[in-house]
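Tertiary structure, described
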Amino acid sequence: MTKEIKKNNSDGVSRRDFLKDAGLLVSGTAIGSTVLLAACGDGETVTEKITTTVTGAGATTTKTVTAGEMVKTETITQSKYVCPVDGMEFDSLADLQAHFENEHGGEATSADLNVINLTINGKLYEVQIEPYWTLRHLLHDVLEFISVKDMCCEQGQCGSCAVLADGKPLLSCMLLAIECDGRSIQTAEGLALENHPLIEAYVNNHCSQCGYCTPGFIMTAKGLLDRNPNPTADEIAFALEGNLCRCSTYPYHIQAVLDASSSL
Amino acid sequence: MKKFKHVNASSIDEASTLLGQDGAVLIAGGTDLLGALKNRILSNYPSVLINPKTISGLDYIKEEGGVLKVGALTLLEEIANNDIVKSNYTALAEAAHRTASPHIREAGTIGGNICQMNRCWYFRHPNNRFDCLRKGGGMCFAMAGDNRYHSIFGAVKACIAVNPSDTAPALVALNATIVTNKRDIAADDFWDVGIPGSTVLDEDEIVTEIQIPEPAGKSAFIKFAIRKTIDFPVVNCAAMISGSEARICLNAVYNLPVRATAAEEAMAGATIDEANAEAAGEAAVTGASGFPANGSNPGNKYKIQIAKTLVKRTILACQ
Amino acid sequence: MTEEYTVIGKRGYRHAEGLPKATGKATFNRDIKLPQMLYGKMLIHPNAHSKIKSIDISKAEALPGVVSILKYDDAELQGIRPLFGQADAYSVQTDEYYFWGEECNIAVCAESEEICDEALSLIQIEWEELPFLLSAEEALKADAPLVIRNPNIKNEHPEMLPPWVNTTLEGNYLFALEFAWGDVEQGYQDADVIVEENLSYEYLEFAPAECDSVVVDIRDNDEVVFYIQEQSGVAIQQTFRSFFPQLPMSKCRIEKHYSGGTYGLRHNNFHPRPTLFALLFAQKTRKPIKILTDRKGDFYYHDGKIESCKLKIGVKNDGKITALSTDSLIGGGLGTTVGARFWSKDTIIPNFFLHEDQLAVSKAPVTAFRCELNNGAYHFSKVFDLAANAVGMDPTLIVNANTRNAPSLLECIKSGKEIIDWDSKWHSSGSKQLSNGKYHGLGFTWTEEWDGHHWSASGGVRICSDGSVLILGNITDFGVMPMTSVKIMCAETLGVRFEDVHFPPQQDTTCFLWEGMGGSCGLHTNSMVIKAAAEKAKKLLLERAVQPRQALYQVLPPAFPDLTPDDLDVKDSMVFEKSNPENKMSIPDILVWRENPCPAAWIGPLDIQVCVSQGETETNHEIHDASIPSTYYQAHFAEVEVDSETGFVEVTKIVNVNDIGQAIYPEGIETQQVGGTLMAWGRALTEEPVYDPMTGVLLNCNLLDYKYSTMRDCGTIIPKYLEVGEKGEHDGSGAYGNVGIGEDTATVVPAVILNAVNNALGTNINSLPVTPTKILKALGKI
């Protein structure tokens, strides 16, 4: 049974609404596609496809529920795929590829069409991008992961846009989105879904003043704890040294990471 | 950023061919290039970025026949944390460790670090506000401007910017060879003052590997920066001293890494002690002039004092 | 009277703003994205002073995705009045600009930020470059070219300037001021030693985490919604009312989301153009628009620079200062001044003369950056350190001879000396070399604690019938943890649990605005408002508790039938009989809360709701009276190790002691002390805007070259707060005996670091920031 519902984003269905369901999701790397996941359960499959239109690139969300195993995941695709040659818009990558083959004489891979797949906070995204987009632009401006901040340092000096890319804390403003095809990204929104002990430790240690830099710090700290669950205060300071905080909350971060480490 | 195309290369040869096109540039870690593109500092904006990271086998650290081989796309953080590098090629490990910040080191490569453009604030000013010599313009704005971070050994091709790399002096001190798709280049000969580049590489030439003979003695690297992290060096120094040989290199003091040959001569075969190191430090800055204070510009004479001190301390660290 | 509080001043309350920030869910202004939203950017002036000779926007207009371009001579901009601010005027019709980085009256509106950037690069302008001046000394010269913007504007609004400001001066003068008492010449004759020095202190750039942005959305009912990064919403309403007389303040709604670092007045007086152009674009396109400033365009606000301050101090061998005269030259504006406030309020120096000239230069306008007392505090600190050095005294002891020795001050000094172990560590200048070869130095300074004063504010409290409490009033969260503090004060006064008190969602700003004209004294002001409102609400609650309770179809007996409100009190969200605490009832029961009422038969709100406005709250204007002695003080201590070969300064320890009267939110106080101290590290050692002498362009307009502290730059910071005051009671002028904390350490600590450096090296450096060059020069090495 497949039903399609078309809604406008301004009606209140947004990406963030879907995030709330995350407890039921298969989080993970290398999720193939809805087809694969649908195949992994033997019960009735319900696919709910919701098209949202936002300024710029839109996003389509496909929820797949395999009733037999209560497995549910999402592949988030765009609502518009634009032909790089003639600018025509299509509802799916397959439609665009078919168009390309028919009209422009030749097969077009997703790479040719600047379509990338990346996992963000456990969900697979298929998005058409521009080659000059940074990962930060894709995450924050297009997909609205608002935790991915930007002090406009422009030269990778502040750490506020740090996300985990395949587990490593990297600056999303210093990565081209097109080079992130196939990577797994985690943002502070994803950390919140995990209810990671860093979050409570940050609140309880009064780490945020204006708070703009906090998500960058917390993702960098997550990267540290993933590779070293019991860091010393010095190791924490060295790991977080690339994150700037104009309110200068620095010492509190060290204590918070120590606290989080002890409750891991 | 302005629009550009992006091509994943599958081989060095392909990348080299692609780089031969007009408007093509190589993007390794991207931590230098993207900043330059975002701020539109250059008069010519690249039209296509060639990505070599899709070429396999450019990311490794191995010791073969007494030579350390480091793939050009090896991340600075990997070099900084590698046990072999840390114990036998200390100057390089420390230089990589002191480069920029952890995030940058996780993305930045050794190949990129040695090819980075200079950090002169006139050159880097957004929107090409100062169309300087290194962009093909007619003048060096730093010469009559604020040159507190600039060269203390005069200009090269009338430009007084400095080479900002932390790993460069370590590679010079360790007598490294830079291997490209076309040739082997001694580290001593690798850097140059180009428009806008800072190496002797041809447009279609790509660094593939760094080779370092196992040093006979200890090596060390010391960096002086305004803050303990993030910053580029005000002055840095690397040294490798074995009984008969001393290789000492200063950077961020001139447009090219500077072999402190007078200091090397002073230390060759000499005991590493405070008095000898101090004398070598003095010798290293012989001929340094710097710029005097002028109005709001404090000049850069302080860098001579710091360079002298770093040479002394780096030598002592090789004990 | 000292009151015993149950919530106020206690540790362990949850940081109210912490969770949305740690989870990344806090929506900052730059994160706002509205349906159909367009983007805008302003053209940044590339020169220090120039005028447009010719302009061609045709290529930019032709770029696909460009929606609109507005510039100074378009019809939409005509008739808009210039904005008065800092004795300066921002006209939106002008084509002449006065500093590098100024936002010109040229803006692009397009479908994306990238298109805006591209369009700006396609605008072709021929500039007529005009003379510029980078120093006040040059600006003072008789033959200096005029770099002041609209010199006559300062006389148009005399009521907006302090009475002691002389604005009648010609040329590039912004203003001059003078204060004097006693007879300084006589004082010098009485002195044993005369010290003459010249101080300087660089401009300090805000460099906030979040660069400016503004979103303007015109709703269907013609309500104009501004999403801004600013402390004061009222000020923006006023600003736009003055730009557009047809836009009443009541139709102008301000949404202040989380703000990524403010530290002072930003938007309204100094930076009105982006907001104005956003409004014009919104009017023109009927779509929401977001104008973004990037980093190079955000070096727009700084503190004033003490270019020179000639000091002459007369001091007796016992440390008594007999005379002080100072003559300062400041490149600036009203936002900052050396001033006389500290000298008159905090000392008993008998003979004093102060002259100050403030001149316009070709740099961004000056405003108060955490805070307007930076220059004054530095000036004050240096005089005492110089005087102590001149007579060979321990600087902590010279205080006694020159102040009325207020109990708060003595206690701050005593406490800090104990913590840093001053008496065993103190040594004469340049006399202690450590085994690592570095020189050890100790520094000390002190000033009054900012007592806080009372700006305008209004707000309210609603006790919902389910027992939860809503604070009515929007507060800008720009980093001083104001929501937690206000919740604590509200819980205390109402007698409810901290966790029962809530702020409305950030977006809901239609009700009341707090914080008046700025961030300064926010807690102080809000304490007045929240206390008055909570007391009023509590009174109504207790009245309800003794009255019959109206339920849906019947009237229930009073909760406390035979008692009067005076017999009752509230604690832990329970109303109880004071003489019999076991006789108690919850707030929902008193307000007849039902889990499942019938909506159709709803009889109206059972909630209690009150509000207060300015005038209903206690006012204290004593702070403005410079003749009234301060009662609250602070003292700071620094320990440094200086590398005499490279000039590198390692700050190993800072001790902050602040007498804050009554602690409201202890953890919040300490984070302000520590954060301010780390900010002061940069002010003392690294922060310095660098202008190109040839072009007047700001060279270090990024976060790499404008350097403030990182995680690893400063050693241990030990924050300590005291509650001493004048009589050992909580008698600060805030509603709970509290005084301020947010601005203090950032302002006062820079000088203590310099004092410690001089103690380490035996040098006499009088200039901030203290750089390797200055140190090596003072040591005679360069």
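How each quantity is defined
- Residue indices begin from 1 for each chain and proceed along its sequence in written order.
- Chains and ligands are labelled sequentially in the order written, the chains with letters from A and the ligands with numbers from 1.
- Totals for whole chains, interfaces and linings use every residue, but because this is a predicted model, local features are given only for residues with pLDDT of at least 70 and side-chain atom pairs only at 80 or more, for both listing and counting.
- Computation of side-chain values covers all heavy atoms of the structure but excludes hydrogens and water.
- For two strands to pair, DSSP has to find at least two bridges joining them.
- Counting from the N terminus, the helices are the DSSP runs of H or I reaching at least four residues and the strands are the DSSP runs of E reaching at least two.
- Take a side-chain nitrogen of Lys or Arg and a carboxyl oxygen of Asp or Glu: if they are within 4 Å of each other, that pair is a salt bridge.
- Working definition: with a 1.4 Å probe on protein chains only, accessible area under 20% of the residue-type maximum means buried, over 50% means exposed, and in between means partly exposed.
- Residue contacts are defined here by distance: any two heavy atoms, one from each residue, within 4.5 Å place the two residues in contact.
- A 1.4 Å probe defines the accessible area here, and the buried area is the portion of it lost by two parts on being joined, summed over both.
- Between N or O atoms, a polar contact is any pair within 3.5 Å; within protein, one atom must be a potential hydrogen donor and the other a potential acceptor, and residues adjacent in sequence are included only when both atoms are from side chains.
- Put simply, Ala, Val, Leu, Ile, Met, Phe, Trp, Tyr, Cys and Pro go in the nonpolar bin, Asp, Glu, Lys and Arg in the charged bin, and everything else, Gly too, in the polar bin.
- One number per residue, pLDDT, summarises how confident the predictor is, and it ranges from 0 to 100.
- Within 6.5 Å between ring centres, the rings of Phe, Tyr and Trp (the latter by its six-membered ring) count as paired, and their orientation is classed by plane angle as stacked under 30 degrees, edge-to-face over 60, tilted in between.
- Sitting over a ring, as applied to charges here, requires NZ of Lys or CZ of Arg to be within 6 Å of the ring centre and within 35 degrees of the ring normal.
- How far a helix is expected to stretch is found by multiplying one less than its residue total by 1.5 Å.
- Read the arc as the range of directions from the helix axis to the C-beta atoms.
- All axes here are fitted lines through C-alpha atoms, helices being fitted over the stretch that makes contact, and every angle between N-to-C directions spans 0 to 180 degrees.
- Note that the term roughly parallel is reserved for angles under 35 degrees, roughly antiparallel for angles over 145, roughly perpendicular for angles of 65 to 115, and oblique for everything else.
- Each helix crossing is assigned a hand: it is left-handed if the near helix lies turned anticlockwise from the far helix by less than a right angle, otherwise right-handed if that turn is clockwise.

Turning our eyes to something else, we now look at the sheet that holds strand β8 (residues 124-129) of chain C. Working definition: the strands of a sheet are paired by backbone hydrogen bonds and lie parallel or antiparallel to each other. Residues and elements named next belong to chain C. Taken in spatial order, the three strands line up as β6-β2-β8 in an open sheet, and their pairing is antiparallel. Every other strand in the sheet has two partners, leaving β6 (96-97) and β8 as the edge strands with one partner each. Both strand β2 (residues 50-56) and β8 contribute to a ladder of six bridges, which runs antiparallel. Considered in β8, the bridge of Ser-54 is made with Glu-126.

Turning to the pattern of salt bridges, a few remarks are in order. All names here are of chain A. Counting across every chain of the model gives 63 salt bridges over all chains. Note that Asp-226 is salt-bridged to Lys-222, the shortest N-O span being 2.9 Å. Here Lys-222 and Asp-226 lie together in helix α7 (residues 214-227), a separation of four residues that amounts to about one turn. A relative accessible area of 45% means that Asp-226 is categorised as partly exposed.

Turning next to the sheet that holds strand β9 (residues 173-181) of chain C. Residues and elements named next belong to chain C. One open sheet holds the six strands; their spatial order is β9-β17-β16-β15-β10-β31, and the pairing between them is mixed. Both edges of this open sheet fall to β9 and β31 (767-768), since each of them pairs with a single strand only. Relative to strand β15 (residues 305-315), strand β10 (residues 193-201) runs antiparallel, the two being bridged by eight bridges. By the bridge assignment, Tyr-201 is partnered in β15 with Ile-306.

So, about the interface of chain B and chain A. Chain B puts 32 residues into the contact, and the matching count from chain A is 26 residues. Together, the buried faces of chain B and chain A total about 2300 Å²; carbon and sulfur atoms form 59% of this surface. Interface area lost by chain B to chain A is led by Lys38(B), His103(B) and Glu106(B), which between them contribute 26%. Our count for the chain B to chain A interface comes out at three salt bridges. The tally of links between chain B and chain A comes to seven residue pairs in polar contact (both at pLDDT 80 or more). Listed by contribution, the elements that provide at least two residues to the side of chain B that touches chain A are β1 (5-8), α2 (33-38), β3 (48-51) and α6 (102-107) of chain B. Tallied by class, the residues present in the side of chain B that touches chain A amount to 11 nonpolar, 11 polar and 10 charged.

Here we take up the confidence of the model for chain B. Here chain B averages 97 in pLDDT, and 100% of its residues register 70 or above. At the level of chain-chain contacts, confidence expressed as ipTM amounts to 0.97, with global pTM at 0.93.

Here we come to the pairing of strand β6 (residues 177-180) of chain B. Two faces make up the sheet, and in a regular strand the side chains alternate between them. All names here are of chain B. Inspection of the sheet shows β6 paired to strand β7 (residues 184-186) by three bridges, in the antiparallel sense. Within β7, the residue paired with Val-179 across the bridge is Asp-184. Where β6 folds back onto β7 in an antiparallel hairpin, the turn is made up of three residues. With four bridges joining them, β6 and strand β8 (residues 207-213) adopt antiparallel strand pairing. Its bridge partner lying in β8, Ile-178 is registered against Ile-210.

Here we come to the interface of chain C and chain A. Taken together, the contact between chain C and chain A spans 59 residues of the former and 51 residues of the latter. Together chain C and chain A conceal approximately 4400 Å² of surface at their shared face, both sides included; 59% is due to carbon and sulfur atoms. Considering only the surface of chain C that becomes buried against chain A, Lys33(C), Met711(C) and Arg712(C) emerge as the three largest contributors, covering 17% of it. Here chain C is connected to chain A by four salt bridges. The salt bridge involving Arg246(A) is made with Glu687(C); its shortest N-O contact spans 2.8 Å. Put simply, chain C and chain A have 19 residue pairs in polar contact (both at pLDDT 80 or more) between them. When residues of the side of chain C that touches chain A are traced back to their parent elements, those giving at least two are α1 (18-22) and α17 (666-685) of chain C.

Further remarks concern the packing of aromatic side chains. Counting across every chain of the model gives 34 aromatic pairs over all chains. With centroids separated by 6.3 Å and ring planes inclined at 15°, the aromatic side chains of Tyr122(B) and Phe141(B) adopt a geometry described as stacked. Of this pair, Tyr122(B) sits in the loop between α7 (110-115) and α8 (141-144) while Phe141(B) sits in helix α8, and the two are 19 residues apart along the sequence. For Tyr122(B), a relative accessible area of 1% puts it in the buried group. Clustering of aromatic rings is evident, with ring pairs tying together Trp181(C), Phe342(C), Trp343(C), Phe352(C), Phe380(C), Phe384(C), Trp446(C), Trp450(C) and Tyr633(C). For the cation-ring pair, Arg129(B) lies above Phe130(B), with the distance from its terminal atom to the ring centre recorded as 5.1 Å.

By the element assignment, Lys256(C) lies in the loop between β13 (252-255) and α7 (267-270). The class for Lys256(C) is buried, based on a relative accessible area of 0%.

The end-to-end C-alpha distance of helix α9 (residues 250-262) of chain A, which contains 13 residues, comes to 19 Å, matching closely the 18 Å that a straight helix rising 1.5 Å per residue would cover. What α9(A) keeps buried is the set Tyr250(A), Tyr252(A), His253(A), Ile254(A), Ala256(A), Val257(A), Ala260(A) and Ser261(A). Check the buried side of α9(A) and you find it contacts α6 (197-204), α7 and α8 (233-239) of chain A together with α17 of chain C.

Residues and elements named next belong to chain B. For helix α11 (residues 274-284), the full list of buried residues reads Ala-277, Ala-280, Gly-281, Ala-283 and Ala-284. The buried residues of α11 occupy one face: seen down the axis, they fall within an arc of 160°. Residues of α11 that are buried sit in contact with β11 (246-251), α10 (261-267) and α12 (301-317).

Residue and element names in this part refer to chain B. In the contact formed by α11 and α12, the axes pass within 8 Å of each other and the chain directions differ by 140°. Compared by their axis directions, α11 and α12 come out oblique. Read as a crossing pair, α11 and α12 show a hand that is right-handed. Between α11 and α12, the contacting residues are Glu-274, Ala-277, Glu-278, Ala-280, Gly-281, Glu-282 and Ala-284 on the first element and Lys-308, Val-311, Lys-312, Ile-315 and Leu-316 on the second. Looking at side-chain class alone, the contact of α11 with α12 contains six nonpolar, one polar and five charged residues.

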